[in-house]
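One-letter residues, chain by chain:
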2 protein chains.
Amino acid sequence: MSFDFNRTMGDYIHTNIAQDNVSMVRLELGQSDQIPLRRPFDPLIHDLDPHFKLTRFADLKGRGCKVPQEVLNKLLEGFQQDENGHNEQSHFLHMTMTKIGIGMDAAVVPIRHGGLSLVQTTDYFYPLVDDPFIMGKIACSNVLSDLYAMGVTECDNMLMLLSVSTKMTEKERDVVIPLIMKGFKETAFEAGTTVTGGQTVVNPWCTIGGVATTVCQPNEFIIPDNAVVGDVLVLTKPLGTQVAVNAHQWVDQQDKWNRIKLIVSEEDVRKAYQRAMDSMARLNKVAAKLMHKYNAHGATDVTGFGLLGHAQTLAKHQKNEVSFVIHNLPVIAKMASVAKACGNMFQLLQGHSAETSGGLLICLPREQAAAYCKDIEKVEGYQAWIIGIVEKGNRTARIIDKPRVIEVPAKEKDGELW
Amino acid sequence: MSFDFNRTMGDYIHTNIAQDNVSMVRLELGQSDQIPLRRPFDPLIHDLDPHFKLTRFADLKGRGCKVPQEVLNKLLEGFQQDENGHNEQSHFLHMTMTKIGIGMDAAVVPIRHGGLSLVQTTDYFYPLVDDPFIMGKIACSNVLSDLYAMGVTECDNMLMLLSVSTKMTEKERDVVIPLIMKGFKETAFEAGTTVTGGQTVVNPWCTIGGVATTVCQPNEFIIPDNAVVGDVLVLTKPLGTQVAVNAHQWVDQQDKWNRIKLIVSEEDVRKAYQRAMDSMARLNKVAAKLMHKYNAHGATDVTGFGLLGHAQTLAKHQKNEVSFVIHNLPVIAKMASVAKACGNMFQLLQGHSAETSGGLLICLPREQAAAYCKDIEKVEGYQAWIIGIVEKGNRTARIIDKPRVIEVPAKEKDGELW
């Protein structure tokens with residue numbers, strides 16, 4: 001491990017990062033005047049080029065970096081070829097763990113002590129927003145989301161994975177990387193956990209991610225295989241983050257902007273982008289807590305394979321003969337129209353548009369779902385939506401022909417965006 | 001998390017990877033005739049270009065990818081600026097954990113259950129050898145080594161981190177990535193642990209790494225801060241992996257080869273490279289087990305910052321007023337001469353040459369050290385060396401002016417290399 005954060009508390013005091021940068025960071029974080037509002041990242045304030053964009057340090061964005069599912073399947077095929085004793089062990093695992101690990105967002109591994117299980121996950125990707133602090137928050141929320149999808153609400157430890165782009169100037173690096181780390185760490189703190197270490201390398205593209213680990217008693221996690229006919233499906237964040245992030249970049253690209261300028265205004269796009277950042281940086285922790293309160297039968301988080309991709313994976317691994325039917329698509333305001341105007345590019349309404357740090361898709365008993373949604377709104381001030389039903393079927397998921405699109409407006413906080 | 005390996009056992013049977021590749025992999029692994037010997041990776045057998053080299057898929061090699069320590073310190077500086085309650089928490093951590101986490105190879109975090117602690121680490125880097133299977137083994141050994149340095153001998157779970165290079169053809173990807181995964185998984189199996197999941201992305205450079213996690217009772221790990229005057233320093237693997245890996249690449253580069261061709265033969269370099277691969281792929285697990293048997297006072301593993309770099313970090317965090325003095329440098333045969341012929345390039349004899357998956361540097365009671373070395377040789381067939389002493393001092397480490405270089409020959413296994 002290349003660094004441990006505990007160590008920073010004592011050892012790194014006497015280094016000489018420019019105090020100017022630090023002051024500016026504090027200003028952006030609103031620490032100087034005790035007001036929680038935060039100013040958006042401004043490259044000029046940090047003496048960076050006014051056109052500095054974090055997203056330029058990778059050719060792919062966010063979860064778009066993932067190896068496609070079908071390729072991954074092929075690559076993993078090699079694991080079938082074990083003939084020197086491994087089968088015994090995997091067989092052992094399957095016997096004792098009865099499908100634990102199958103189709104889940106996090107690995108669940110029984111440990112040697114006290115009936116406890118290790119639940120852990122890792123994720124890393126490329127910058128998809130230009131504010132480094134927010135990018136750090138999104139990366140942290142995103143990796144924790146895999147635990148929350150399992151109903152796990154406490155994370156015992158986090159590690160951070162970071163690649164500094166070889167194309168960054170030293171100045172850019174010294175401004176941007178500490179802001180990313182700070183965002184990551186703040187969200188970890190908000191989640192009630194700590195970042196104790198990690199790995200930092202140099203790489204052509206900037207990458208950001210982490211590892212989230214917790215040790216659980218059996219009642220602390222919910223194996224996502226227990227949906228029953230009559231359940232309803234709840235989604236805790238709106239769709240459309242990928243569309244919003246792309247539309248925001250197109251504002252500066254005349255040819256692309258022309259494609260959607262009759263559909264949306266710059267102000268619409270700016271609001272959608274803010275809403276997307278706010279949504280991606282938000283923890284699914286309350287959503288996970290309430291899964292226990294309202295007896296959820298299983299959940300997954302919606303990320304790189306889109307709503308339908310993840311719904312299908314969840315459906316596939318159910319114990320009962322059920323299928324998921326999705327009727328409603330809550331989408332960040334105007335982004336459904338933008339997606340439509342772009343033809344087949346996003347496949348948002350078909351359920352294939354990648355999300356980053358998306359919401360939980362939860363199977364809830366029908367009589368509990370409304371209360372779940374009401375409770376999450378009461379606690380967090382964010383809506384959740386009943387988007388579909390669980391019916392008898394062959395473990396598949398589909399979206400109906402003409403789903404209802406629910407326009408989700410940008411979140412206004414204390415009269416200001418973000 | 002983008003994939004889980006448990007799932008591969010059932011779900012990925014019916015994909016259509018070319019059976020030819022699989023057969024060739026099995027041939028290389030010696031599975032067809034039950035002989036444990038393994039043939040070196042041959043691109044031709046896999047229908048790849050005969051000049052295919054895994055190391056070409058990154059501009060940096062192995063641990064050379066790490067952000068330099070002084071830059072890292074500067075970047076981590078931002079963590080000092082927390083003024084919204086985080087200090088309290090870190091203070092809490094320091095109080096209750098009495099320096100746990102300081103200068104260690106793995107994070108140690110007390111968890112909510114039964115006096116247990118989570119011990120975990122992560123590491124990833126770029127290919128430094130051209131055999132994908134061996135590369136996978138090295139990456140796995142390397143990440144586990146951080147646990148072993150803490151005296152931890154059991155790993156509860158591993159995750160794998162993999163980036164597929166954007167520059168690989170599909171054919172190259174489909175040959176190389178499963179072999180890397182296989183090597184990683186085999187070494188995990190050898191270590192008595194399993195790989196349950198991970199993340200795979202596409203990236204300009206190929207990267208390979210993982211996460212190793214275990215849950216321990218207090219007597220299962222050894223906090224590396226207890227060296228006392230009179231201890232001796234033991235090293236469990238020879239130095240010189242970086243030199244060997246580079247020299248091996250120079251065989252094909254006339255201008256670089258000219259620099260060292262009067263010092264070593266191609267055969268010398270080939271043997272050194274084999275020894276380096278063998279050494280990097282070897283687990284430090286027995287070394288860790290014997291730390292308990294012989295009452296070790298602390299250890300670290302020698303990696304990217306070189307022998308002296310890691311010795312200094314270990315010395316710095318000792319409770320007692322001690323310093324480390326290193327007299328002997330065990331080096332893969334001929335590599336000390338190669339390093340000398342290259343001027344200041346490697347700084348091998350100065351202790352700064354990066355190692356990948358290097359040995360443990362252990363503080364042992366003087367009367368136990370010889371028995372430790374004898375025992376490790378008996379169990380594993382590999383030598384360990386007493387390389388220095390612990391004396392009274394101000395928590396620093398140094399190598400004496402003219403250290404004795406111990407030439408460590410290539411390991412011959414059953415009459416054949418590797």
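Computed from a predicted structure; not experimentally measured. Starting afresh in each chain, residues are numbered from 1 along the sequence in its written order. Just so you know, chain letters begin at A and ligand numbers begin at 1, following the order they were written in. A pLDDT threshold of at least 70 governs which residues receive local features in this predicted model, and a stricter bar of 80 or more applies before side-chain atom pairs are shown or counted, although totals over entire chains, interfaces and linings include all residues. Note that the side-chain values use all heavy atoms of the structure and ignore hydrogens as well as water.

Participant: Before we move on, can you summarise the overall build of chain A with the specific residues and values?
Facilitator: The secondary structure listing takes helices from DSSP runs of H or I that are at least 4 residues long and strands from runs of E that are at least 2 residues long, numbered from the N terminus. Across its full length, chain A carries 13 helices and 14 strands. For chain A, the proportion of its 418 residues judged to be buried stands at 65%. The contact criterion used throughout is that any non-hydrogen atoms of two residues lie within 4.5 Å. Within chain A, residue pairs in contact and separated by at least 24 positions form 84% of the contacts whose partners lie at least 6 positions apart. Using a 1.4 Å probe, accessible areas were evaluated by the Shrake-Rupley method; residue-level cover was limited to the displayed protein chains. As displayed, chain A has an accessible area near 15100 Å², and 50% of this comes from carbon and sulfur atoms. Relative accessibility decides the category of a residue: with a 1.4 Å probe and only protein chains considered, values under 20% of the type maximum give buried, values over 50% give exposed, and everything between is partly exposed.

Participant: So what's going on with the domain arrangement of chain A? Which residues, and what values?
Facilitator: A common measure of how large an interface is: the accessible area buried when the components associate. All names here are of chain A. Residue ranges labeled as domains rest on an automatic or database domain assignment. Assigned domains within chain A: domain 1 (39–70 + 89–221) and domain 2 (222–411). One C-alpha centre belongs to domain 1, the other to domain 2, and the line joining them spans 21 Å. Of the residues lining the interface, 40 residues belong to domain 1; the matching set on domain 2 comes to 34 residues. For the pair domain 1 and domain 2, the summed buried area comes to about 3000 Å², and 59% of that belongs to carbon and sulfur atoms. Any carboxyl oxygen of Asp or Glu that lies within 4 Å of a side-chain nitrogen of Lys or Arg is treated as forming a salt bridge with it. The interface formed by domain 1 and domain 2 includes one salt bridge. As used in this structure description, the phrase polar contact means that two N or O atoms lie within 3.5 Å; if the pair is within protein, one of them must be able to donate a hydrogen and the other to accept it, and residues adjacent in sequence are counted only when both atoms belong to side chains. Taken together, the connections running from domain 1 to domain 2 amount to nine residue pairs in polar contact (both at pLDDT 80 or more). Examining the composition of the side of domain 1 that touches domain 2, we find that 10 residues originate from one element, helix α5 (residues 132–149), more than from any other. Defined in terms of a 1.4 Å probe, buried area is the accessible area two parts forfeit on being brought together, summed over both.

Participant: Please set out the UniProt feature "domain: PurM-like C-terminal" (unreviewed entry) in chain A residue by residue, giving values where relevant.
Facilitator: UniProt positions are given in the numbering used here, feature names are shortened, and annotations may be inferred rather than shown by experiment. Under the feature "domain: PurM-like C-terminal" (unreviewed entry), the UniProt entry names residues 229–399 of chain A. The distance separating the terminal C-alpha atoms of residues 229–399 of chain A is 17 Å; by composition the span is 44% helix and 20% strand.

Participant: Could you give me a rundown of the pattern of salt bridges, with the residues and numbers involved?
Facilitator: Summed over all chains, the structure comprises 22 salt bridges over all chains. Note that E380 of chain B is salt-bridged to R282 of chain B, the shortest N-O span being 2.8 Å. Placement of E380 of chain B in helix α13 (residues 366–380) and of R282 of chain B in the loop between α9 (266–281) and α10 (285–293) is noted, with a sequence separation of 98 residues between them. Within the structure, one salt-bridge network assembled from shared partners comprises R112 of chain A together with D156 and E220 of chain B.

Participant: Hey, could you go over the pairing of strand β5 (residues 195–203) of chain B for me, with residue numbers and the actual values?
Facilitator: Residues and elements named next belong to chain B. The element β5 is largely enclosed, with a buried count of eight among its nine residues. The pairing criterion is simple: DSSP has to find at least two bridges between the two strands. Here strand β4 (residues 157–165) pairs with β5 via eight bridges, running parallel. In the strand pairing of β5, L162 is matched with T200. Between the parallel pair β4 and β5, the chain is carried across by helix α6 (residues 170–190), and the sense of this crossover is right-handed. Look down the strands so they point away from you; if going from the first strand over the helix to the second traces a clockwise path, that crossover is right-handed.

Participant: Provide a residue-level description of helix α5 (residues 132–149) of chain B, including the pertinent values.
Facilitator: Residues and elements named next belong to chain B. With 18 residues, α5 should cover 26 Å at 1.5 Å per step; its first-to-last C-alpha distance of 26 Å lies within 8% of that length. Counting buried positions over the 18 residues of α5 gives 18, a clear majority of the element. Two or three places before F133, at the start of α5, stands the capping residue D131, its side-chain oxygen 3.1 Å from that residue's backbone nitrogen. Just beyond α5, the residue with positive phi is G151, at close to 80°. An expected span of 1.5 Å times one less than the residue number is assigned to each helix.

Participant: Describe in detail unusual backbone geometry, supporting the description with residues and values.
Facilitator: Phi at K334 of chain A takes a positive value of approximately 75°, unusual for a residue other than glycine. Here K334 of chain A lies in the loop between β9 (322–332) and α12 (335–341). What makes K334 of chain A partly exposed here is its relative accessible area of 34%. Phi is positive for D47 of chain B, close to 65°, though the residue is something other than glycine. Given a relative accessible area of 61%, D47 of chain B falls into the exposed group.

Participant: Give me the lowdown on the sheet that holds strand β10 (residues 360–364) of chain B, citing residues and values where you can.
Facilitator: Residue and element names in this part refer to chain B. What the six strands build is an open sheet, ordered β8-β10-β7-β11-β9-β12; its pairing is mixed. Single-partner strands in this sheet number two, and they are β8 (298–301) and β12 (397–408). Each neighbouring strand pair of the sheet contributes to a mean axis angle of 20°, computed without reference to strand direction. Here strand β9 (residues 322–332) pairs with strand β11 (residues 385–392) via five bridges, running antiparallel. Bridging from a neighbouring strand, V322 pairs with K392 of β11. Lines fitted to the C-alpha atoms define the axes, with helices restricted to the stretch that makes contact. Angles between their N-to-C directions range from 0 to 180 degrees. Running at roughly 15° to strand β7 (residues 232–235), α13 makes contact with β7, β10 and β11 of the sheet.

Participant: Outline the state of the cysteines, listing residues and values.
Facilitator: Residue and element names in this part refer to chain B. Put simply, a disulfide is two cysteine sulfurs that come within 2.5 Å. Enumeration over the complete set of coordinates arrives at zero disulfides over all chains. There is no disulfide at C363, and the cysteine sulfur nearest it, in C373, is 13 Å away. Judged by relative accessible area, which is 1%, C363 ranks as buried. According to the relative accessible area criterion, C373 is buried, its value standing at 10%.

Participant: How would you explain the sheet that holds strand β10 (residues 360–364) of chain A if you had to name every residue and give the values?
Facilitator: Residue and element names in this part refer to chain A. One open sheet accounts for six strands, arranged β8-β10-β7-β11-β9-β12; its pairing is mixed. Two strands bound the open sheet, and with one partner strand each, they are β8 (298–301) and β12 (397–408). Ignoring strand direction, the axes of neighbouring strands in this sheet form an average angle of 20°. Strand direction decides the pairing type here: strand β7 (residues 232–235) and β10, joined by four bridges, are antiparallel. Bridging from a neighbouring strand, V234 pairs with I362 of β10.

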